[in-house]
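Structure assessment
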Amino acid sequence: MNDSLNKHQPVQQSRRDFLKSSTLAAGVAMAGSPFAIAQQNKRKFRVALIGCGGRGNGAINDHYEAVKFLNDKLNLGIEVELIATADWFKGKAEATGKRYGLPKEKCFGGADAYKKAIATDCDIVLMAQAPLFKPLHFETAIKAGKNVFFEKPVAVDPPGVRQVIAAGELAKKKGLRVVAGTQRRHDEGYNRRAREIKDGAYGRIMEGRVAWNMGAIFTNTPVKPTSPDQLISPWQIWVEMSGDHIVEQHVHNIDVANWYLDAHPISAGGFGDRAQRVAGNMYDFFSGDLEYPNGIHIHSMCRQVPGCWDWVGEGFTFEKSKPSNFKLSTPDPYEPVGYHRNPYVGEHAHLIYAILKEKELNEARNVAESTGSAILIRESAYSGLRTNWDAFYEDPSKEPDWYNLKMKPTAEDFETGDVVMLKDGDIRVAGKYRPNNYSPGA
Ligand SMILES: NC(=O)c1ccc[n+]([C@@H]2O[C@H](COP(=O)([O-])OP(=O)(O)OC[C@H]3O[C@@H](n4cnc5c(N)ncnc54)[C@H](O)[C@@H]3O)[C@@H](O)[C@H]2O)c1
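Just so it is clear, the structure is predicted and the values come from calculations on it, not from any experiment. (Residues numbered from 1 in each chain as written. Predicted model: local features only at pLDDT ≥ 70, side-chain atom pairs only at ≥ 80, totals over all residues.)

Val47, Ala48, Leu70, Ala117, Val125, Leu126 and Ile352 are the most contacted members of the largest nonpolar core, which has 117 residues in total. The greatest single-element share of this core, amounting to nine residues, is contributed by helix H14 (residues 364-383). The residues that make up this core include at least three from each of domain 1 (15-185 + 338-365) and domain 2 (201-332 + 369-416). When neighbours within four sequence positions are excluded, Val125 is seen to be in contact with Ala48, Ile50, Ala117, Ile118, Ala141, Lys146 and Val148. (Core = buried A, V, L, I, M, F, W, Y, C linked by C-beta atoms within 7 Å. Buried ≥ 20, exposed ≤ 12 C-beta atoms within 10 Å, placed from the backbone. Helix = DSSP H or I, 4+ residues; strand = E, 2+ residues; numbered from the N terminus. Domains from an automatic or database assignment. Contact = placed C-beta atoms within 7 Å.)

Their axes nearest at 8 Å, the elements helix H3 (residues 54-74) and helix H13 (residues 343-357) cross at an angle of 60 degrees. Classified by the interaxial angle, the pair formed by H3 and H13 is oblique. Handedness of the crossing formed by H3 with H13: right-handed. On H13, the residues touching Gly58, Asp62, His63, Glu65, Ala66, Val67, Phe69 and Leu70 of H3 are Tyr344, Val345, His348, Ala349, Ile352 and Tyr353. (Axes fitted to C-alpha atoms, helices over the stretch in contact; angles between N-to-C directions. Parallel < 35°, antiparallel > 145°, perpendicular 65-115°, else oblique. Left-handed = near helix turned anticlockwise from the far one by under 90°.)

Moving on, we get to H13. Along its 15 residues, H13 runs 20 Å from first to last C-alpha, staying within 8% of the 21 Å computed at 1.5 Å per residue. Counting buried residues along H13, twelve of its 15 residues qualify, which places the element largely inside the surrounding structure. Every buried residue of H13 is listed here: Pro343, Val345, Gly346, Glu347, His348, Ala349, His350, Leu351, Ile352, Tyr353, Ala354 and Ile355. Among the structural elements, strand S1 (44-50), H3, strand S5 (147-150) and strand S6 (178-180) are those in contact with the buried residues of H13. Two residues or fewer after H13 comes Glu358, characterised by a positive phi angle close to 55 degrees. (Expected span 1.5 Å × (residues − 1).)

Looking at helix H4 (residues 90-99), one finds that the buried residues are Lys92, Ala93, Glu94, Thr96 and Gly97. Where H4 is buried, its residues contact S1, H3, strand S2 (79-87), strand S3 (107-109) and helix H5 (113-118). One or two positions beyond H4, positive phi appears at Gly101, with a value near 70 degrees.

So, on to the confidence of the model for the protein chain. Of all residues in the protein chain, 90% attain a pLDDT of 70 or more, and the chain-wide mean is 91. Ranking the elements of the protein chain by mean pLDDT puts helix H1 (residues 15-28) last, at 32, and helix H6 (residues 134-143) first, at 99. Contacts for the low-pLDDT stretch residues 1-32, under 50 throughout, to residues beyond four places or in other chains number 39 contacts. (pLDDT = per-residue confidence, 0-100.)

Residues Glu335 and Pro336 are joined by a peptide bond in cis, for which omega reads 5 degrees. Here Pro336 is to be found in the loop between strand S11 (311-318) and H13. Across the junction of Lys408 and Pro409, the peptide omega takes the value 0 degrees, indicating a cis bond. Structurally, the position occupied by Pro409 is in the loop between helix H16 (400-403) and helix H17 (411-416). Residue Asn75 is not a glycine yet carries a positive backbone phi of 55 degrees. Secondary-structure assignment places Asn75 in the loop between H3 and S2.

With that settled, consider the sheet that holds S6. Strand pairing in a sheet takes place through backbone hydrogen bonds and is either antiparallel or parallel in direction. Taken in spatial order, the six strands line up as S3-S2-S1-S4-S5-S6 in an open sheet, and their pairing is parallel. This sheet does not close on itself; its edge strands, each paired only once, are S3 and S6. Sheet twist, expressed as the average angle between the axes of neighbouring strands with direction ignored, equals 20 degrees. Sheet strands in contact with H3 are S1, S2, strand S4 (124-127) and S5, and its direction is about 170 degrees off that of S2. (Pairing = 2+ DSSP bridges.)

Quick look at the site of the ligand now. Surrounding the ligand, one finds 28 residues, the nearest of these being Gly51, Gly53, Arg55, Gln129 and Glu151. If you list the elements that add at least two residues to the shell around the ligand, you get H3, S2 and H5. When its residues are assigned to classes, the shell around the ligand shows 14 nonpolar, eight polar and six charged. Both domain 1 (15-185 + 338-365) and domain 2 (201-332 + 369-416) contribute no fewer than three residues apiece to the shell around the ligand. (Near = placed C-beta within 6 Å. Nonpolar A, V, L, I, M, F, W, Y, C, P; charged D, E, K, R; others polar.)

In structure tokens:
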């Protein structure tokens, strides 16, 4: 009775059934006592991980930490078990699986490894694969009825952004929860500021600047890929795999601008190029103007060039200062869980709690829009043209070349094996590049 969801139970007990049986259990135990509450909430979460690299291993560790945090804080008595891993490279899936006691047959490799992991009886799928694959893998997981944590960025092109938004809407209809790896949204300080802004503590945001300026981070050794494996590792240096660093990394800061302004940009004007990078086909710096509703502009900057000044952060000019007697009225969205000191853990705690308590939590649109905002600047910088949100993401007839800009190779190409090889130094030239005149590779 008490351990109604231990591992010998049928796996996909519905939430409704679970509540029914756990309510009965709680009635027999001392109703309202900590013991009864722990039993009422007891649940074992089965988790599958796609992408067993640095962040994937971090994410599964964070997930376990989050369960411990929830149990310590709220006496929930929940458990977690990693039941499948997937990676393009089977050896990486097995290495992660081994650390969690998984048999090799539950560690999948290859182009369709993600399908096999999703098809297990997992409740939650964690995704930390290369960004190109996220829209397809996310949609597959949602269609299969799984809750998802997926790392940012969630797409590399406009069709991918729209695919994530659509799958996110489907997740809502199916009652699934979705959290993204934009961890600032799970940080206490960022949340407090968001609530203060919402409550009008500072008046309107007048303008702002967001940045991820740092030195070199990825390999800068040129490669001449001859197989898909060499596009997957390292994926970080290829626009088609990562979205370029403005999408892959600076998305975090742009996400804060969208969050605090409660909007996505209307248009973008960007600049960029490469100063020192020789590997892959990305730029190594961008600067962009994002125009939001009501004439608000945000300056976006990102650079991965060694030997330059660094700044990672977000700053806004407000209409007024916060009054000394200001009191917050917008409730904390994460009560009673609150915040783990590490927001990477906090995002998993919030996800698990939302699933357990059937609270709404779906960050698919937020992260898709932040990814889409970064793509808007990137394409403006590549082309030298000003780019518009509606043409990219809303109106297929306005500028179809942008709307239909699907990067090659696609995620599907990796499954069919028809993968175009990319070329070092094959960078877009502003004023010349147009979405319909660029063919990647040699
Ligand atoms: N939130 C953050 O602060 C943060 C930090 C680092 C990375 N990330 C994001 O996490 C993701 C992974 O980054 P990482 O640093 O772990 O990279 P990584 O290269 O260390 O790991 C990626 C893994 O995914 C695997 N992979 C790639 N394509 C795959 C596919 N089609 N199917 C299955 N596996 C596939 C690779 O083989 C690799 O093992 C990226 O989206 C990255 O932007 C987020």
